[in-house]
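Examination of the molecular architecture
Residue strings, one per chain:
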Amino acid sequence: MSVFPKILLVFFSGLFGVVMVLVAPPTDKAIYFYVFGAFCFAISLVCVTSGRLQEFIGSSIASCVIVVGLLYLGSELLEGPIVSGARSEPSVLNALMFLFVFGYPSFRYVVYAKFGFGKEKT
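Everything numeric in this text was worked out from a predicted model, so none of it was measured. Residue positions are counted from 1 within each chain, in the order its sequence is given. Note on the predicted model: pLDDT of at least 70 is required for a residue's local features to be given, and 80 or more for side-chain atom pairs to be given and counted; whole-chain, interface and lining totals, by contrast, use all residues. By convention in this description, side-chain values take in all heavy atoms of the structure and omit both hydrogens and water.

**Describing the packing of aromatic side chains**
Let me state the cut-off plainly: Planes of paired rings set the category: under 30 degrees apart is stacked, over 60 is edge-to-face and the rest tilted, where pairs are Phe, Tyr or Trp rings (Trp by its six-membered ring) whose centres lie within 6.5 Å.
Under the definition given, this model contains five aromatic pairs. Taking 5.0 Å as the distance between ring centres and 80 degrees as the angle between the ring planes, the aromatic pair formed by F11 and F12 counts as edge-to-face. Linked through ring pairs, Y72, F98 and F102 together constitute an aromatic cluster.

**Here we look at unusual backbone geometry**
Note the cut-off: Secondary structure elements follow DSSP: runs of H or I of four or more residues count as helices, runs of E of two or more count as strands, with numbering from the N terminus. The buried label goes to any residue with under 20% of its type's maximum accessible area, the exposed label to any with over 50%, and the partly exposed label to all in between, with areas taken from a 1.4 Å probe on protein chains only.
One non-glycine residue, K114, lies in positive phi territory at about 55 degrees. For K114, the position within the fold is in the segment after α4 (92-113). With relative accessibility at 54%, the residue K114 sits in the exposed group.

**Here's the deal with the layout of surface pockets**
Put simply, the rule reads: In this analysis a 1.4 Å probe is tested at points of a 1 Å grid over the protein atoms alone, and where it fits but cannot get out there is a cavity; an open set with protein on both sides within 12 Å along at least five of seven lines is a pocket; lining residues have an atom within 4 Å of a point. Grid points are joined across faces, edges and corners, and a volume is the space filled by probe spheres set on the points. Residues are grouped as follows: nonpolar covers Ala, Val, Leu, Ile, Met, Phe, Trp, Tyr, Cys and Pro; charged covers Asp, Glu, Lys and Arg; every other residue, Gly included, is treated as polar.
In this structure, the largest pocket occupies an estimated 850 Å³ of space. Mapped onto the lining of the largest pocket, the elements with two or more residues apiece are α1 (3-22), α2 (30-48), α3 (51-79) and α4. With nine residues, α2 is the single largest residue contributor to the lining of the largest pocket. The class makeup of the residues in the lining of the largest pocket is 19 nonpolar, three polar and two charged.

**Things to note about the state of the cysteines**
Defined as follows: Only a pair of cysteine sulfur atoms within 2.5 Å qualifies as a disulfide here.
Under the definition given, this model contains zero disulfides. Here C47 stays free of any disulfide, with the sulfur of C40 as its closest cysteine sulfur at 12 Å. On the accessibility criterion, C47 (8% relative accessible area) is buried. Between C64, a cysteine without a disulfide, and C40, which holds the nearest cysteine sulfur, the sulfur-to-sulfur distance is 12 Å.

**Looking at the packing of α3 against α4**
The test is simple: Every axis in this analysis is a line fitted to C-alpha atoms, fitted for helices over the stretch in contact. Angles between the N-to-C directions lie between 0 and 180 degrees. Any angle between 65 and 115 degrees counts as roughly perpendicular, while under 35 counts as roughly parallel, over 145 as roughly antiparallel, and the rest as oblique. When the near helix sits turned anticlockwise from the far one by under a right angle, the crossing is termed left-handed; a clockwise turn instead gives a right-handed crossing.
Running from N to C, α3 and α4 cross one another at 155 degrees; their axes reach a closest spacing of 8 Å. By the angle between their directions, the pair α3 and α4 is classed as roughly antiparallel. Pair α3 / α4 crosses with left-handed handedness. Considering only residue class, the contact of α3 with α4 consists of 17 nonpolar, eight polar and two charged.

Here it is as structure tokens:
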């Protein structure tokens, strides 16, 4: 990725991370805000690192996306409807679409990067 898109991604993902930490409510739901803020900070970190460290952090992010997608699918299979009336409503179909749109590319990246433990690319 060239320098300008990296700078934009670092700025906005870092900004989103800061905002998520600052707006976390003082309730038991605050952990979700902190986790998403950490996810945004990890995206920023990927943009400023290189080599195996970048691949490892990127693979960690991609693995989180896969796990969240599988948890979403599992929860919908256990107690959700097959098809909902809207895209904004949880359903098995929406969980499968999430896995197709976000999980499949994440899986491909993890396999390609070998979780940062593969040989250094020349």
